[in-house]
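What follows is the residue order along each chain.
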Amino acid sequence: MEAEGPVSAPSREIVPAWDHAPAVGPRHVVRREHFGALVYDRETCQYVPYDAAAAALLLSPRAPRDEAEAAFLEAAREDGLLTGDAADLRLTARVVADRAAPGRLSAPLTVYLGATQGCNLACGTCSSGSGPGPLGALDPDVIRRLLRELFDLGCMLVHVTGGEPLMHPALLPALDEGFALGLNVMLTTNGTLLTEALADALAARPFRTINVSLDGADAGSHELVRGPGAFQRALAGLRLLAARRPVGVTTTYTPALRGRLPDLVRLCEEAGAASLSLRPALPAGRALARPDLVPSQADFLAGCRELDALQERAAIPLFHPPEVPHEHTSAGVLERFGCVAGNLVCSVTPAGAVSPCALLGPTFDAGSLRAQTLHELWATSAPFVRLRALEGNRSCWTCRHYDHCGGGCRARALAATGDLDAPDPWCRWEPAADPALVLP
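Residues numbered from 1 in each chain as written. Predicted model: local features only at pLDDT ≥ 70, side-chain atom pairs only at ≥ 80, totals over all residues. Heavy atoms only, no water.

Considering the packing of aromatic side chains
Part 1 of the reasoning: Taken as a whole and judged by the stated rule, the model has six aromatic pairs.
Part 2 of the reasoning: Here Tyr 50 and Phe 72 contribute two aromatic rings whose centre-to-centre distance is 5.9 Å and whose plane-to-plane angle is 80°, an arrangement assigned as edge-to-face. Placement of the pair is Tyr 50 in strand β4 (residues 46-51) and Phe 72 in helix α2 (residues 67-78), with a sequence separation of 22 residues.
Part 3 of the reasoning: Assessed through its relative accessible area of 8%, Tyr 50 is described here as buried.
Part 4 of the reasoning: Considering the side-chain rings of Trp 378 and Phe 384, the 5.5 Å spacing of their centres and the 55° angle between planes classify their relative orientation as tilted.
Part 5 of the reasoning: On the basis of relative accessible area, Phe 384 is assigned to the buried category, the value being 0%.
Part 6 of the reasoning: Chaining the aromatic ring pairs together yields one cluster made of Tyr 253, Phe 300 and Trp 426.
Part 7 of the reasoning: The side chain of Arg 94 reaches across the aromatic face of Phe 151, ending 3.6 Å from its centre.
Part 8 of the reasoning: Across from the ring centre of Trp 378, 4.7 Å away, lies the NZ or CZ of Arg 388, which sits over that ring. (Phe/Tyr/Trp six-rings, centres within 6.5 Å; stacked < 30°, edge-to-face > 60°. Helix = DSSP H or I, 4+ residues; strand = E, 2+ residues; numbered from the N terminus. Buried < 20%, exposed > 50% of the residue type's maximum accessible area, 1.4 Å probe, protein only. Lys NZ or Arg CZ within 6 Å of the ring centre and 35° of its normal.)

Here we look at the pairing of β4
Part 1 of the reasoning: Pairing geometry for strand β3 (residues 36-41) and β4, over six bridges, is antiparallel. Residue pairing across strands places Leu 38 opposite Pro 49, the latter belonging to β4.
Part 2 of the reasoning: Between the antiparallel neighbours β3 and β4 lie four residues, among them Cys 45 with a positive phi of about 60°. (Pairing = 2+ DSSP bridges.)

Some thoughts on the environment of Leu 374
Part 1 of the reasoning: With respect to the helices and strands, Leu 374 occurs in helix α10 (residues 374-380).
Part 2 of the reasoning: Its relative accessible area of 0% is what places Leu 374 among the buried residues.
Part 3 of the reasoning: Along the sequence, Leu 374 and Val 348 sit 26 residues apart, while their C-alpha atoms lie 9.1 Å from each other.
Part 4 of the reasoning: The contacts of Leu 374, once residues within four sequence positions are left out, are Pro 108, Leu 146, Glu 149, Leu 150, Leu 153, Cys 346, Val 348, Val 354 and Leu 369. (Contact = heavy atoms within 4.5 Å.)

A few points about unusual backbone geometry
Apart from glycine, the bulk of residues carry a negative phi angle, and the bulk of peptide bonds sit in the trans form.
Part 1 of the reasoning: Each neighbour pair has its own omega, and for Gly 162 with Gly 163 the value is 10°, a cis peptide bond.
Part 2 of the reasoning: Here Gly 163 lies in the loop between β9 (157-161) and α4 (171-181).
Part 3 of the reasoning: Of note, the phi angle at Cys 45 is positive, near 60°, even though the residue is not glycine.
Part 4 of the reasoning: Classification of Cys 45 as buried rests on a relative accessible area of 0%.

Concerning the environment of Arg 90
Part 1 of the reasoning: Structurally, Arg 90 can be placed in strand β6 (residues 90-91).
Part 2 of the reasoning: Contacts of Arg 90, omitting those with residues within four sequence positions, involve Pro 61, Leu 81, Leu 82, Thr 83 and Gly 84.
Part 3 of the reasoning: In terms of polar contacts, Arg 90 uses its side chain to reach the side chain of Asp 88, at 2.6 Å. (Polar contact = N/O pair within 3.5 Å; in protein donor to acceptor, adjacent residues only side chain to side chain.)

A short note on the nonpolar core
Part 1 of the reasoning: By size, the foremost hydrophobic cluster in this structure holds 87 residues, and its most contacted members are Val 160, Leu 175, Phe 207, Leu 214, Leu 238, Val 348 and Leu 374.
Part 2 of the reasoning: Per element, the largest residue contribution to this core is seven residues, and it comes from helix α3 (residues 140-153).
Part 3 of the reasoning: Not counting chain neighbours up to four residues away, the residues in contact with Val 160 comprise Leu 113, Ala 115, Pro 165, Leu 171, Leu 175, Val 185, Met 186, Leu 187 and Thr 188.
Part 4 of the reasoning: Core analysis: the second largest hydrophobic core is formed by 16 residues, Val 48, Ala 54, Ala 55 and Leu 89 among them. (Core = buried A, V, L, I, M, F, W, Y, C linked by side-chain atoms within 4.5 Å.)

Examining helix α5 (residues 196-203)
Part 1 of the reasoning: Of the positions making up α5, those classed as buried are Leu 198, Ala 199, Leu 202 and Ala 203. All buried residues of α5 lie within an arc of 135° about the axis, which places them on one face of the element. (Arc of directions from axis to C-beta.)

Section: the pairing of strand β13 (residues 275-280)
Part 1 of the reasoning: By the criterion of burial, β13 is predominantly enclosed, with five of the six residues buried.
Part 2 of the reasoning: Relative to β13, strand β12 (residues 248-253) runs parallel, the two being bridged by six bridges. Bridge pairing links Thr 250 to Ser 277 in β13.
Part 3 of the reasoning: Running through helix α8 (residues 261-271), the crossover from β12 to the neighbouring parallel element β13 is right-handed. (Right-handed = clockwise from strand over helix to strand, strands pointing away.)

Looking at the sheet that holds strand β8 (residues 110-114)
Each strand in a sheet pairs with its neighbour through backbone hydrogen bonds, running either in the same direction (parallel) or in the opposite one (antiparallel).
Part 1 of the reasoning: One open sheet accounts for 10 strands, arranged β14-β13-β12-β11-β10-β9-β8-β15-β16-β17; its pairing is mixed. In the strand order of this sheet, the two ends are held by β14 (318-319) and β17 (367-368), each with one partner.
Part 2 of the reasoning: Bridge count between strand β10 (residues 184-189) and strand β11 (residues 209-213): four bridges; the pairing is parallel. The partner of Thr 188 across the bridge, within β11, is Asn 211.

A closer look at the packing of helix α6 (residues 219-226) against helix α7 (residues 230-242)
Part 1 of the reasoning: Remark: α6 packs on α7, axes separated minimally by 8 Å, with the N-to-C direction vectors making an angle of 100°. Between α6 and α7, the angle falls in the class roughly perpendicular. Residues Ala 219, His 222, Glu 223 and Arg 226 of α6 touch α7, and the partners they reach there are Ala 230, Phe 231 and Ala 234.
Part 2 of the reasoning: Looking at side-chain class alone, the contact of α6 with α7 contains four nonpolar, one polar and two charged residues. (Axes fitted to C-alpha atoms, helices over the stretch in contact; angles between N-to-C directions. Parallel < 35°, antiparallel > 145°, perpendicular 65-115°, else oblique. Nonpolar A, V, L, I, M, F, W, Y, C, P; charged D, E, K, R; others polar.)

So this is what it looks like as structure tokens:
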């Protein structure tokens, strides 16, 4: 009987919990899965996997038969999953319909929702290639229908992106559907469109997190990516929002930031940001034509180590991805070759197409939410099935990190080699302790 450690939302930028979250439904949501169950905690934004024995006891609580069961039930009671005494234990969580299926999750953990293709900027690192032009906004009725389906599936995390999501003319009223259902909704904006009124509207809603993109400590480094005039407008938007609610900064690391992270941290602190999260520019979308903006692995690791050193005296938390990909996100849930794409997460484009990952490009679009449900596309569509059937390669199989990493980013492997089964070029290969365990 076992409950694994928590599974954080992939790529989640962490800021302090917002105290406007509504008391909508139970704190926990339970999903049956092929290995047992996943329990989502709306307060911590984490999923916890339970093996079959633990899941059965949690779903049908009874008096314990031994010390292990007694300890498990007491821990569940302390976590608020169970209530009552040993003679009358009751599950407090919402249990979704059983959609468990062999070899895959019943539904994603997180959905990345591209609200609009339009953007007032044309950033050199944009993975979606968005920019000024036709808005291409996702139908608000499709957004509402998707949010209701995610609630039914027990997928409780939605990350709203773009283009620039705040350009969508009906985004906030559409997202109100998700807030009313108790979903944890996150939003990332370039910050340049924020006004007093829009900042008030955002702060009045229970977004779990809001992040503003800031890619440099001055106009030179930020506008190398975002374009002329973007720096001061983004900084003003960050300050407007930070005066009203916790807001994080997300920074796309480029070679222009080398040696400039101390300045960036000080700027974030001065502007009132609640956190800073560093991520690398990836070879996807517009960045494919801007290799000067994509850091080498060595550059990015050096930036991460510099950020760790800065944390000792920083007043805000500083985050970056683990050196071993997915080390803290997929272990215990993803037990095959591959990354989170199509296994733990999926994306919805502004046109309503569903994809395992936006970084893989439009050839991996599985179908449209206008014609099918997200669950149908997640469960049976060819791009998702293809990613789950990847076999991997000898390099990954013989690496001591394989159980955590699963081979690393498939989009980065595909961009570098044209082969989905290839190693991630940013992998940190180290020999497995027991060569006899190497797969054929």
